[in-house]
Amino acid sequence: MRNIYFVGTAGCGKSSLVCAFKEWLDSAGIDSIIINLDPGADTLPYVPDIDIREWIDLQDVMDEYSLGPNGAQVVCADLMAMNINKLTDVLDTYRTEYVLIDTPGQLELFAFRRSSDIITGALGRERSMTAFLADPMLCKTSNGFVSVMMLSSLVQFRLRMPTVNILSKADIPSTDELERLMTWFSDPDALYGDMLDNDTDPQTVIGMELFKAMENIGVFASITAVSSKDSIGMEDLYATAQQCFFGGEDAERN
């Protein structure tokens, strides 16, 4: 059983990708289940096998603690950690190859709080990876791209798991925009050159320093482009997970 945490900024397409990837795995005969860790999700495009909302509900927390949505989300994050044994007890009843974990829409609530350590530890950090979704709408400029990659690096640092970058919503950018984004991921020199073209912007100077720091620690690498809408990139995502967990070999079927 291997865990894939789908993490990213609000609106980047985590839930949609979880749904599309689950459907692809089903069609390929690969067993998987879905865990929803977002207590504030009103609707989901899939039916979760394990749902944190069975134990923690955002509206109930708002009412009980007299909090607004943002404050209640913080309390929910801590309550998830406190109730993690209930979730793991249910998870232990499953025998599956992959566990797809849909995380809360607010990235900081999952990645940057102490509760994330408790949750990922209880679910087995040693058999887990993170799929960080980069929203193409936030990556259109070189500065925006560097900012998103910095966020990906921080998530990997905080969660302490192997992390792969996923360019979500690949059907939205134009062909030229998508080609430029993919080039930035695979060729840091091209990204650096585009940043130099904008060196009159004071923010670009900061971005260039961030770029140099990330290049030194090896942040830039390949990325998988996916489209949940068009079911593009699912096989590549599976291959990336197999490479991470098994060195590229197919998982042994139960």
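In what follows, the structure referred to is the one given above.
Here is a short report on the structure shown in this document. (Residues numbered from 1 in each chain as written. Predicted model: local features only at pLDDT ≥ 70, side-chain atom pairs only at ≥ 80, totals over all residues. Heavy atoms only, no water.)

1. A closer look at the packing of helix α8 (residues 175-186) against helix α9 (residues 188-196)
Line of reasoning, step 1. Packing of α8 against α9 leaves a shortest axis separation of 5 Å and a crossing angle of 115 degrees. In terms of their interaxial angle, α8 and α9 are classed as roughly perpendicular. On the side of α8, the interface is formed by R180, T183, W184 and S186, while α9 contributes P188, A190, L191 and D194.
Line of reasoning, step 2. Counted by class, the contact of α8 with α9 contains four nonpolar, two polar and two charged residues. (Axes fitted to C-alpha atoms, helices over the stretch in contact; angles between N-to-C directions. Helix = DSSP H or I, 4+ residues; strand = E, 2+ residues; numbered from the N terminus. Parallel < 35°, antiparallel > 145°, perpendicular 65-115°, else oblique. Contact = heavy atoms within 4.5 Å. Nonpolar A, V, L, I, M, F, W, Y, C, P; charged D, E, K, R; others polar.)

2. Re empty space enclosed by the protein
Line of reasoning, step 1. Per the stated rule, a full pass over the model turns up one cavity of 30 Å³ or more.
Line of reasoning, step 2. Empty space within the largest cavity amounts to approximately 40 Å³.
Line of reasoning, step 3. For the largest cavity, the full set of lining residues is T9, F132, L133, A134, D135, L138, V148 and L151.
Line of reasoning, step 4. At the level of elements, β5 (128-134) and α7 (142-159) are the ones that each hand at least two residues to the lining of the largest cavity.
Line of reasoning, step 5. Here the lining of the largest cavity is composed, by residue class, of six nonpolar, one polar and one charged. (1 Å grid on protein atoms, 1.4 Å probe; cavity = no way out; pocket = protein on both sides within 12 Å on 5 of 7 lines; lining within 4 Å. Points joined across faces, edges and corners; volume = space filled by probe spheres on them.)

3. Some words on the environment of R114
Line of reasoning, step 1. Within the fold, R114 resides in helix α6 (residues 114-123).
Line of reasoning, step 2. Under the relative-accessibility criterion, R114 is labelled exposed at 56%.
Line of reasoning, step 3. Put simply, R114 and A77 are 37 residues apart on the chain and 9.2 Å apart in space, counted from C-alpha to C-alpha. (Buried < 20%, exposed > 50% of the residue type's maximum accessible area, 1.4 Å probe, protein only.)

4. Quick word on the sheet that holds strand β6 (residues 163-167)
Line of reasoning, step 1. What the seven strands build is an open sheet, ordered β3-β2-β4-β1-β5-β6-β7; its pairing is parallel. A single partner strand is all that each edge strand has here, and the edge strands are β3 (50-51) and β7 (224-225).
Line of reasoning, step 2. Where strand β1 (residues 2-8) lies against β5, six bridges are found, and the strand directions are parallel. For N3, the partnering residue across the bridge sits in β5 and is S128.
Line of reasoning, step 3. Strand contacts of α7: β1, β5 and β6, with the helix running at about 160 degrees to β5, the strand carrying the most contacts.
Line of reasoning, step 4. Across the sheet, α8 is in contact with β5, β6 and β7; its angle to β6 comes to roughly 165 degrees. (Pairing = 2+ DSSP bridges.)

5. So, the packing of helix α1 (residues 14-27) against helix α11 (residues 234-246)
Line of reasoning, step 1. In contact at an axis separation of 10 Å, α1 and α11 are set at 85 degrees when each is read in the N-to-C sense. Relative to α11, α1 is oriented roughly perpendicular. Between α1 and α11, the residues in contact are L17, A20, F21, W24 and L25 and M234, E235, L237 and Y238, respectively.
Line of reasoning, step 2. Here the residues of the contact of α1 with α11 sort into eight nonpolar, no polar and one charged.

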